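# Structural description and commentary
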Amino acid sequence: MIELTSGYAGFEAQIPSFYGDVFTASEGVAEGQALTSLVQDLMGTSEDDDLRCYLASEGEELLGCILFSRLFYDEDPRNVVLMSPVAVKTDRQKAGIGQRLIRFALDDLKGQGVDFAITYGDPAYYGKTGFKPMAQDFARPPQTLSQPHGWIGQSLAEGDAAPFSGPSRCVPAFDKPELW
């Protein structure tokens, strides 16, 4: 039975290589290495309050992982997270694990007072879990986007979401133009 959990739940040492394996299989060795480094950097340099991890597992086997880091809008009072990266074990993809894990994580984050979740990815895939395209003047990204159509988000709070005030900044691991 698949278990969805928040936190590293004993998988902390496996998580960077898990991302590396998944992205190597889908995007090639260079992308796998880049994701391994990014995840190591996220886990090693982010403040505890600025990084959240959600896992899908079956016993001792890690099936999926999502990291959420804080996205700061210093002129706006709302609590915002950046969902990235997301990975599901290669031989378990297309079974709904990723979507279940995203929904679980977003529900948990909403319960913790997170107002808005943003990601930078495939609108067709993430649209299945409520993410919608956003204009950059609605929520300014922390770096220049190479694929602006991939800037997507969703409100986790009640009511209509107003545009975010001011510029944004991300955790140090994401503060690199080549990632955007």
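Residues numbered from 1 in each chain as written. Predicted model: local features only at pLDDT ≥ 70, side-chain atom pairs only at ≥ 80, totals over all residues. Heavy atoms only, no water.

### Observations regarding the overall build of the chain
- If you tally the helices and strands in the chain, you get four helices and eight strands.
- Secondary structure of the chain in N-to-C order comes out as β-α-α-β-β-β-α-β-α-β-β-β.
- Compactness check: the chain gives a C-alpha radius of gyration of 15 Å against a globular reference of 16 Å for 180 residues, within 12% of the reference.
- Counting every position in the chain, which comprises 180 residues, the buried fraction comes to 47%.
- Residue pairs in contact within the chain that sit at least 24 positions apart in sequence constitute 72% of those at least 6 positions apart.
- Entry remark: accessible area of the chain is about 8900 Å², with carbon and sulfur atoms responsible for 48%.
- The positive charge centre, built from 14 side chains, and the negative charge centre, built from 26, are 6 Å apart in the chain. (Helix = DSSP H or I, 4+ residues; strand = E, 2+ residues; numbered from the N terminus. Rg over C-alpha atoms; globule rule 2.2 N^0.38 Å. Buried < 20%, exposed > 50% of the residue type's maximum accessible area, 1.4 Å probe, protein only. Contact = heavy atoms within 4.5 Å. Areas by Shrake-Rupley, 256 points an atom, 1.4 Å probe, with all protein chains shown as cover. Lys, Arg positive; Asp, Glu negative; His and termini not counted. Charge placed at Lys NZ, Arg CZ, Asp CG, Glu CD.)

### Considerations on the layout of surface pockets
- Of the pockets and cavities examined, the largest pocket occupies roughly 1200 Å³.
- Along the wall of the largest pocket there are 40 residues; nearest its centre are Phe23, Glu27, Val86, Gly121 and Tyr126.
- Among the secondary structure elements, those contributing two or more residues to the lining of the largest pocket are α1 (15-27), α2 (29-45), β4 (80-88), α3 (97-111), β5 (116-120) and α4 (123-126).
- Here the lining of the largest pocket gets seven residues from one element, more than from any other, and that element is β4. (1 Å grid on protein atoms, 1.4 Å probe; cavity = no way out; pocket = protein on both sides within 12 Å on 5 of 7 lines; lining within 4 Å. Points joined across faces, edges and corners; volume = space filled by probe spheres on them.)

### A closer look at the packing of α1 against α2
- Interhelical geometry of α1 versus α2 gives an angle of 155° and a closest axis separation of 7 Å. Relative to α2, the element α1 is oriented roughly antiparallel. You can see that α1 and α2 cross each other, and the crossing is right-handed. Between α1 and α2, the contacting residues are Ile15, Pro16, Tyr19, Gly20, Phe23, Thr24 and Glu27 on the first element and Val29, Glu31, Gly32, Leu35, Thr36, Val39, Gln40 and Met43 on the second.
- Of the residues belonging to the contact of α1 with α2, the class tally is eight nonpolar, five polar and two charged. (Axes fitted to C-alpha atoms, helices over the stretch in contact; angles between N-to-C directions. Parallel < 35°, antiparallel > 145°, perpendicular 65-115°, else oblique. Left-handed = near helix turned anticlockwise from the far one by under 90°. Nonpolar A, V, L, I, M, F, W, Y, C, P; charged D, E, K, R; others polar.)

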